[in-house]
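Listed below, chain by chain, are the residues.
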Amino acid sequence: MGKNKVVYVCQNCGYTTGRWLGKCPECGGWNTFTEEVDIYTPTVKRKGALNFLTSSGKPIPISQAKEIEYIRFSSGIKVLDNALGGGLVKGQVALIAGQPGIGKSTLLLQLAYKLSHQGKKVLYVSGEESVDQIYLRAKRLGALNDNLLVYSETVLEKIEETVEDISPDVLILDSVQTVFSTELESSAGSVSQVREVSYRLTELSKRKEITTFIVGHVTKEGQIAGPKVLEHIVDTVLQFEGERGSFYRILKVLKNRFGPSGEMAVFKMTTFGLEEVPEPSAFFISERNADRAGTVIFPHTEGNKPVLLEVQALVLPSVYTNPQRRSEGFDPNRLAILLAILEKEAGIFLRDKDVFVNIVGGIEVDEPGIDAAVAVAIVSSFKDIPLPPNVAVFGEMGLTGEIRNVYFAEARIKEAKRFGFKRILAPKSVALELREPGVEGYRHITELLEALDLT
Ligand SMILES: Nc1ncnc2c1ncn2[C@@H]1O[C@H](COP(=O)(O)OP(=O)(O)OP(=O)(O)O)[C@@H](O)[C@H]1O
Ligand SMILES: [Mg+2]
């Protein structure tokens, strides 16, 4: 290595500077800078840049580029294949991120087993657990197969050597934060190590056409720990989430170079591992008390396959000077905005009330289509009036109380109808466009509340 020049790197976004800063100018994070050895300037040799991207190294006319055909194969887990747009791809590099204990290692070990069972050679590298610990889990999951090789190692160079040696079809690295290159002086998990490990393994996977899964831990705030570069470099980003204490786990496709993003797969955690949930709508709404106030069904989607979710609200007089506003699975800032709109536009005055909102099932919803459903649930709880049965609601709410159109309206309506919801309260423009029986259109929150006898 060259002379060790020191730089300061934001551990949140990877922004690099020559001197320490209290606040990152890029992402706004406080106290995020850590001293690291400079690997970014060209004086230091860095192996394994992304040299798989071009063969000639020269620009060519686009019409002369070759047509690549992706070689797809099944993961052995149907809901995962569907969410990924038809299975895994040879040479695909996927990041799977999630909170501690959510089930990342479980999912990948089960996946490793299914693939090895199909005759694929799978190398499962763990920097977190010993081979014996992995064996225990594999035994519990019934995931023992001789095509599944396990290897406990944290040094990147050794992992690379082993991969060169064994040439597996599938590589699993658990986790990127525990592996480090001896060529860098910073510790495992630092931005430069995470960047180096992911670059080098991506390069290796592309060159040897290995399908690779990299586990990434997330921070307390739910961000993928380490730099954004990790998300940019991989082909696919999967986020594994679920509520504490709930059996259900949701795998969301946040990014996919080989298929649509926004898809999701739902699993149930059991003693024997993760079970597929092929009909997520049925389970998300299964425990609903439809005759109580403060619950409404919302068809949610960010991709092609909507799921029905139960939105719950609880409104009650506050004993605090600052009333409580809490939400699970829904942005608390958005909640504050909806309460302000309800006050100004619909005369629903909740300043002295505690307001709690919950999306049942542990799913995080950050698409705007949920606004109208949250507003309706809040007013239903406030007035203590249950909604009529068989009602589903969706639509974005603007600052003047208008109900705005959202993506995938038709798919949402179809899913609600499939589960017997006869009245679907949607934005007016949707109803005008589709003219479908059962679909009612509303322009403003007050019209929506009137239609539900909530005024
Ligand atoms: N014997 C068991 N029976 C049922 N469920 C279990 C059992 N052991 C573990 N689990 C479930 O598996 C989860 C841990 O799974 P796993 O180790 O795959 O998570 P992880 O995301 O890899 O965690 P980490 O971040 O610690 O690596 C536990 O939270 C629990 O829900
Ligand atoms: Mg783990």
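Located above this text is the structure these notes cover.
In this text, all values refer to a predicted model and were calculated from it rather than measured experimentally. (Residues numbered from 1 in each chain as written. Chains lettered and ligands numbered in written order. Predicted model: local features only at pLDDT ≥ 70, side-chain atom pairs only at ≥ 80, totals over all residues.)

## Focus on helix 4 (residues 156–166)
Test applied: Remark: C-beta atoms are placed from the backbone, and a residue is labelled buried if 20 or more other C-beta atoms sit within 10 Å of its own, exposed if 12 or fewer do, or partly exposed between those counts. Secondary structure follows DSSP: runs of H or I at least 4 residues long count as helices, runs of E at least 2 residues long count as strands, and numbering of each begins at the N terminus. Read the arc as the range of directions from the helix axis to the C-beta atoms. This entry defines residue contacts through backbone-placed C-beta atoms, with two residues in contact when those atoms are within 7 Å.
Along helix 4, the residues classified as buried are Leu156, Ile159 and Val163. Projected onto a plane normal to the axis of helix 4, the buried residues spread over an arc of 60° and lie on a single side. Residues of helix 4 that are exposed and point more than 90 degrees away from the buried face comprise Glu161, Glu164 and Asp165. Looking at the buried side of helix 4, the elements it contacts are strand 7 (122–126), strand 9 (170–174) and helix 5 (191–208).

## Points about the site of ligand 1
Let me state the cut-off plainly: Only the C-beta atom matters for this test: placed from the backbone, it must lie within 6 Å of a molecule or strand for the residue to be near it. When residue character is reported, Ala, Val, Leu, Ile, Met, Phe, Trp, Tyr, Cys and Pro are called nonpolar, Asp, Glu, Lys and Arg charged, and the others, Gly included, polar.
Taken together, Gly98, Pro100, Gly101, Ile102, Gly103, Lys104, Ser105, Thr106, Glu128, Arg140, Met269 and Thr271 make up the full set of residues adjacent to ligand 1. Its residues placed into classes, the shell around ligand 1 shows 3 nonpolar, 6 polar and 3 charged.

## Some points on the pairing of strand 14 (residues 273–276)
Going by this rule: Paired strands, in this sense, are two strands between which DSSP finds at least two bridges.
The pairing of strand 13 (residues 264–270) with strand 14 spans 4 bridges and is classified as antiparallel. Bridge pairing in strand 14 places Met269 opposite Leu274. Hairpin connection, strand 13 to strand 14: the antiparallel pair is bridged by 2 residues.

## With respect to the sheet that holds strand 12 (residues 248–256)
What counts here: Between the N-to-C directions of two axes lies an angle of 0 to 180 degrees, each axis being a line fitted to C-alpha atoms and, for a helix, fitted only over the stretch in contact.
Taken together, the 9 strands give an open sheet; going across it, the order is 8-7-9-10-6-11-12-13-14, and neighbouring strands pair in mixed fashion. For this open sheet the edge positions go to strand 8 (148–152) and strand 14, each flanked by a neighbour on one side alone. The mean angle between the axes of side-by-side strands here comes to 25°, regardless of whether they run parallel or antiparallel. Two elements, strand 9 and strand 10 (residues 211–217), share 4 bridges in a ladder whose sense is parallel. Across the sheet, Leu171 pairs through a bridge with Thr212, a residue of strand 10. Along the sheet face, helix 2 (residues 104–117) touches strand 6 (93–98), strand 7, strand 8, strand 9, strand 10, strand 11 (236–241) and strand 14 and points at about 165° away from the line of strand 9. Sheet strands touched by helix 5: strand 6, strand 9 and strand 10. Its angle to strand 10, the strand with the most contacts, is close to 165°.

Geometry only, nothing functional implied.
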